[in-house]
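# Inside the fold
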Amino acid sequence: MLIRRETPADVDAVRAVHTAAFAKGDAPGAVPVEATLVDALRADDGWLPAFSLVATDAGGEVVGHVVCTRGTVAGAPVALGLGPLGVLPAWQRRGVGSALMHAVLGAADARDEPLVVLLGHPEYYPRFGFRPAVDLAVTPPGPWGPRFFMARPLSAWQPTIRGEFAYAKPFDAL
């Protein structure tokens, strides 16, 4: 497996990854919101190409994708919103999601981003250093409980980063 930046040639494959990864068994043929969200994020000012990463198999086929877009805390552009993170079902539980997480967090740290925030499963993301965002005085933009709204401070983190988090605009349409 190789982790690299997304290229324009990957757009359809990325959409296919999220369509398969987030498919609902009770709604065959429905396009999951995560698949259309990535397309909307690409068109938004919050899109940061350096933080859209794909995992490819030995033949170069895209099997996973993760993206971080610009978020704000108290109106300041001091955070990234992570998501979606998707892996083709046949590649799940094989380390692809973990590799993508480590890669995007490493890229964010290397580019001096102070904070990565996500809404996710409280039993999965703590293994990557995520904890309830409220522990860092960062509050969610919606009614999500602190178990699900998590943050990962990076090397550039400052405790003065406090307040309400806001995702890139396409998240508002969810």
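Below is a summary of the structure that appears in this document. (Residues numbered from 1 in each chain as written. Predicted model: local features only at pLDDT ≥ 70, side-chain atom pairs only at ≥ 80, totals over all residues. Heavy atoms only, no water.)

Turning next to the nonpolar core. Counting residues in hydrophobic clusters, the biggest one holds 24 residues, and the most contacted among them are Leu82, Leu100, Met101, Val116, Tyr125 and Phe130. Among the elements of the structure, β2 (52–56), β3 (62–73), β4 (76–87), α3 (96–110) and β5 (115–119) are those that each provide at least two residues to this core. Top contributing element to this core by residue count: α3, with 6 residues. Leave out the neighbours within four places in its chain, and Leu82 touches Val66, Val67, Cys68, Met101, Val104, Val116, Val117 and Leu118. Counting 19 residues, the second largest nonpolar core, distinct from the first, contains Leu41, Val117, Ala133 and Phe149. (Core = buried A, V, L, I, M, F, W, Y, C linked by side-chain atoms within 4.5 Å. Buried < 20%, exposed > 50% of the residue type's maximum accessible area, 1.4 Å probe, protein only. Helix = DSSP H or I, 4+ residues; strand = E, 2+ residues; numbered from the N terminus. Contact = heavy atoms within 4.5 Å.)

The subject of this paragraph is α3. Helical geometry: 3.6 residues make up each α-helical turn, so side chains three or four residues apart lie on a common side. Its 15 residues give α3 an end-to-end C-alpha distance of 21 Å, which sits within 8% of 21 Å, the value for a rise of 1.5 Å per residue. Listed in full, the buried residues belonging to α3 are Val96, Gly97, Leu100, Met101, Val104, Leu105 and Ala108. Projection of α3 onto a plane perpendicular to its axis shows the buried side chains occupying an angular sector of 160°, all on one side. Looking at the buried side of α3, the elements it contacts are β1 (2–5), β2, β3, β4, β5 and β8 (149–153). (Expected span 1.5 Å × (residues − 1). Arc of directions from axis to C-beta.)

Right, let's get into unusual backbone geometry. Of the consecutive residues Gly83 and Pro84, the connecting peptide bond is found in the cis state with omega at 0°. Here Pro84 lies in strand β4. Positive phi, normally seen in glycine, also occurs at Arg93, with a value near 65°. The topology assignment puts Arg93 in the loop between β4 and α3.

Scanning all chains against the criterion turns up 7 salt bridges. Among the salt bridges present, the one from Asp12 reaches Arg15, with a minimum N-O distance of 2.9 Å. Taken together, the residues Asp12 and Arg15, both in helix α1 (residues 11–21) and 3 residues apart, mark about one turn of the helix. Residue Arg15 is classed as partly exposed on the basis of its relative accessible area, which comes to 30%. Among the ionic pairs, Arg42 bridges to Asp39, the shortest N-O distance being 2.8 Å. Of this pair, Arg42 and Asp39 both sit in helix α2 (residues 33–42), 3 residues apart, roughly one helical turn. Each member of the salt-bridge network shares a partner with another, and the members are Glu6, Asp12, Arg15, Asp39 and Arg42. (Salt bridge = Lys/Arg side-chain N within 4 Å of Asp/Glu carboxyl O.)

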